[in-house]
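An overview of the molecular structure
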Amino acid sequence: MEDADIVVIGAGVAGLTAAATAASLGLRTLVVEQFAPGGQIATVEGVRNFPGFPNGVAGYELGPLLQQQAEEAGASMRLESVLAIAPSGEGYRLDCDGEPVTARAVIIAVGSSLRKLGVPGEEEFAGRGVSHCASCDGPLLKGQTVVVVGGGDSAFDEALVLAAHASKVMLLHRGAHPVARREAVDRLRAMPNVEITAEAEIVAIHGETVVTGVDIKSPQGTNRTACGAVFAYVGLRPRTEWLRGFFTTDSDGRIASDSAMRTSQPGIFVAGDVRAGSVCLLASVAGDGAAAAISAARYLGAESKKARSSGGSAIADGERSRVATAR
């Protein structure tokens, strides 16, 4: 069984920043990630709101850079899923796809997945015209009309990518005004093949073997529009279903913490957009990761002193009796 001082669950911006910080403090640090380094940003063509990259950086480049930094600091990585967390001795046991891991402290940085539209046809045409990756599927849509749904940074940034390939990009957002940063909105409005429509949403997706059209609802009524693909960027859903009941969470399932990233479970910290109150910007989640690592290091130092003075475990078993299990 592998043993670490700190296990970081998740290799997005928050998790890799936490790992780099923890390892630089001399702690045995392991990152467990089920997908790929970078998390959600791994499929993003252009990240324009991360410090240090005035001209933007591709998400699939930023993720490996952060991984390299963490590994050069001394962190190691395993590509597999964490199936369960349970108290074990003076720390926690993490059951994974492979060998279990024990850790004296844990940082939860599992990230989020994109929310679905929840409309007829979305599931049926997933991968056949319904997509979340403009850089992946944009080159396949030359000469076609595509619809992007969402009013935030992700929707506008990905629409810019699609505008370089599609003959027409229709961007729909439900509010009266978009919430994306002004620079992205202005750039998209300047594109000759882009049409931005406020107070509009998709209510159904149609097709035969692939997407051929959508029903768009607006204050003027509902109309069917022909298109070749739909890209949805309508918010994030935290990947915390398997952790509910183990932590105190908010109504969206994000994990509550104090300003030091400490959760309701002693020795477990949270970082990134799964933290209740996160503004979900890359710069802020990186800060979360660093703060969580520093807090975890201080916790381990304090617990070691308590254990030496008491001659045993510093945490009562009753305080850590719950178990988190992946569904």
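Residues numbered from 1 in each chain as written. Predicted model: local features only at pLDDT ≥ 70, side-chain atom pairs only at ≥ 80, totals over all residues. Heavy atoms only, no water.

Brief notes about the overall build of the chain
For the chain, the count of helices and strands is six helices and 18 strands. Over its C-alpha trace the chain gives a radius of gyration of 22 Å, about what one expects of a compact globule, namely 20 Å for 327 residues. Summarising its shape, the C-alpha atoms of the chain cover approximately 70 × 40 × 35 Å along the three principal directions. Residues classed as buried in the chain amount to 50% of the 327 residues present. Excluding contacts between residues fewer than 6 apart, the proportion of contacts in the chain whose partners are at least 24 apart in sequence is 62%. Working note: accessible area of the chain is about 14,500 Å², and carbon and sulfur atoms make up 51% of it. (Helix = DSSP H or I, 4+ residues; strand = E, 2+ residues; numbered from the N terminus. Rg over C-alpha atoms; globule rule 2.2 N^0.38 Å. Buried < 20%, exposed > 50% of the residue type's maximum accessible area, 1.4 Å probe, protein only. Contact = heavy atoms within 4.5 Å. Areas by Shrake-Rupley, 256 points an atom, 1.4 Å probe, with all protein chains shown as cover.)

Some points on the packing of helix α4 (residues 153-163) against helix α5 (residues 182-189)
The contact between α4 and α5 brings their axes to 9 Å, and the two run at 30°. Relative to α5, the crossing made by α4 is left-handed. Facing α4, whose interface residues are F156, D157, A159 and L160, α5 presents A184, V185, R187 and L188. For the contact of α4 with α5, the residue count by class is six nonpolar, no polar and two charged. (Axes fitted to C-alpha atoms, helices over the stretch in contact; angles between N-to-C directions. Left-handed = near helix turned anticlockwise from the far one by under 90°. Nonpolar A, V, L, I, M, F, W, Y, C, P; charged D, E, K, R; others polar.)

Brief notes about the side chain of T240
Mapped onto the elements of the fold, T240 is located in the loop between β16 (236-238) and β17 (268-270). A distance of 2.6 Å separates the side chain of T240 from the backbone oxygen of G253, its partner in a polar contact. Dropping the residues within four chain positions of it, T240 is found in contact with V110, G253, I255 and V274. (Polar contact = N/O pair within 3.5 Å; in protein donor to acceptor, adjacent residues only side chain to side chain.)

Examining the state of the cysteines
Here a disulfide denotes one covalent bond, and it connects the sulfur atoms of two cysteines. What the rule picks out here adds up to one disulfide. Between C133 and C136 runs a disulfide, and the two sulfur atoms are separated by 2.1 Å. When the S-S torsion is 65°, as for the bridge of C133 with C136, the disulfide is right-handed. For C133, a relative accessible area of 8% puts it in the buried group. In this structure C227 is not part of a disulfide, and its nearest cysteine sulfur, from C133, lies 18 Å away. (Disulfide = S-S within 2.5 Å.)

Thoughts on the sheet that holds strand β13 (residues 211-218)
Pairing is antiparallel across the open sheet formed by three strands, whose spatial order is β12-β13-β14. Sheet topology places β12 (201-207) and β14 (221-226) at the edges, where each strand pairs with a single neighbour. In this sheet, adjacent strand axes meet at a mean angle of 20° when their direction is disregarded. (Pairing = 2+ DSSP bridges.)

Things to note about the packing of aromatic side chains
Under the counting rule described, the total for this entry stands at three aromatic pairs. Residues F246 and F247 carry aromatic rings whose centres are separated by 4.8 Å and whose planes lie at 80° to one another, so their mutual orientation is edge-to-face. Considering the side-chain rings of F269 and Y299, the 6.0 Å spacing of their centres and the 70° angle between planes classify their relative orientation as edge-to-face. Here F269, found in strand β17, pairs with Y299, found in helix α6 (residues 282-310); they are 30 residues apart in sequence, far enough to count as distant. One exposure class covers both F269 and Y299, and it is buried. (Phe/Tyr/Trp six-rings, centres within 6.5 Å; stacked < 30°, edge-to-face > 60°.)

Some points on the packing of helix α1 (residues 13-24) against helix α2 (residues 59-73)
The N-to-C vectors of α1 and α2 enclose an angle of 20°; their axes lie 7 Å apart at closest approach. When the axes of α1 and α2 are compared, the pair comes out roughly parallel. For α1 against α2, the interelement crossing comes out left-handed. Between α1 and α2, the contacting residues are V13, L16, A19, A20, A23 and S24 on the first element and G63, L66, Q67, Q69, A70 and A73 on the second. (Parallel < 35°, antiparallel > 145°, perpendicular 65-115°, else oblique.)

Looking at the sheet that holds strand β11 (residues 194-198)
Sheet strands line up and pair through hydrogen bonds in the backbone, either parallel or antiparallel. Taken together, five strands build an open sheet; the order of strands is β8-β15-β9-β10-β11 and the sheet is parallel. The open sheet has two edge strands with one neighbour each: β8 (130-131) and β11. Where β8 lies against strand β15 (residues 229-232), two bridges are found, and the strand directions are parallel. The residue bridging S131 from the neighbouring strand is F231, located in β15. Here α4 sits on the sheet in contact with β9 (145-149), β10 (168-173), β11 and β15, set at roughly 170° to β10.

Quick notes on the environment of V44
Here V44 lies in the loop between β2 (29-33) and α2. On the basis of relative accessibility, which here comes to 18%, the residue V44 falls in the buried class. Once residues lying within four places of it in the same chain are set aside, the contact partners of V44 are A58, G59, Y60 and E158.

A short note on α1
Compared with an ideal rise of 1.5 Å per residue, which puts twelve residues at 16 Å, α1 spans 16 Å between its outermost C-alpha atoms and is within 8% of the ideal. Among the twelve residues in α1, eleven count as buried, and that is most of the element. What α1 keeps buried is the set V13, A14, G15, L16, T17, A18, A19, A20, T21, A22 and A23. One or two residues past the end of α1 sits G26, with phi positive at roughly 90°. (Expected span 1.5 Å × (residues − 1).)

Shape descriptors only; they carry no functional weight alone.
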